[in-house]
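# Commentary on secondary and tertiary structure
The residues making up each chain are set out below.
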Amino acid sequence: MKSNHTTGGYIDAWCTKCELELGHTIIAMVNNLPKRVKCNTCNGEHNFRKKLSEKVRTGIKTPARKTRSLEATYTEQLSRLTGGDLSIATKYSLNGNFRKDEVIDHPRFGIGIVLSVIQTNKMEILFKDGARMLVQNQ
Ligand SMILES: [Zn+2]
């Protein structure tokens, strides 16, 4: 990827202090990449971090740490939505009509939580081992 960033230039970056994606000024470059940046909001200096959205988009295999936190989210959401009673889960079927936050029971993937419904016939489900796209209303 070609970089047109220069020292003193503007860049969107993750601010470690504000914990937000904000405009930063590049204060040091290494190998044509921003190395150190200064937050235009809090004036804090820190190493450059990419925007979170870019990290997600790169689709790099999730490291073990992230997998654990996904599992924690899964467990937490599941107990919030079912109160620990998994028998309330709806059996998944292709012609089902599921809503966000519904808990489903998939014959292959197990218990999942509907994260979002996309275009009425696709939905993103969070299973224990990660999110999957499933169809519905077929
Ligand atoms: Zn900041």
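The structure we're discussing is the one just above.
Residues numbered from 1 in each chain as written. Predicted model: local features only at pLDDT ≥ 70, side-chain atom pairs only at ≥ 80, totals over all residues.

All right, on to the sheet that holds strand S6 (residues 103–106) then. Strand order in the open sheet made by the 5 strands is S5-S6-S7-S8-S9, with mixed pairing throughout. Because the sheet does not close on itself, it has two edges, and the strands there are strand S5 (90–91) and strand S9 (130–135). The pairing of S6 with strand S7 (residues 110–118) spans 4 bridges and is antiparallel. Each bridged residue has a counterpart across the sheet, and for histidine 106 the counterpart in S7 is glycine 110. (Pairing = 2+ DSSP bridges. Helix = DSSP H or I, 4+ residues; strand = E, 2+ residues; numbered from the N terminus.)

All right, on to the sheet that holds strand S1 (residues 10–15) then. The strand order across the open sheet built from 4 strands is S1-S2-S3-S4, with neighbouring strands paired in antiparallel fashion. With one partner strand each, in any of the chains shown, S1 and strand S4 (45–47) form the two edges of the open sheet. The mean inter-strand angle of the sheet, taken between neighbouring strand axes irrespective of direction, is 50 degrees. As paired elements, S1 and strand S2 (residues 20–30) share 6 bridges and run antiparallel to each other. Looking at the pairing, isoleucine 11 lines up with histidine 24 of S2. (Axes fitted to C-alpha atoms, helices over the stretch in contact; angles between N-to-C directions.)

The next point concerns the pairing of strand S3 (residues 33–39). In this sheet, S3 lies alongside S2 in antiparallel orientation, the contact comprising 6 bridges. In the sheet register, threonine 25 faces S3, and the bridge partner there is lysine 38. Bridge analysis of S3 against S4 gives 3 bridges, and the strand direction is antiparallel. When the sheet's bridge partners are listed, arginine 36 is paired in S4 with asparagine 47. Linkage of S3 to S4, two consecutive antiparallel strands, is achieved through a turn of 5 residues, within which asparagine 43 is found at a positive phi near 65 degrees.

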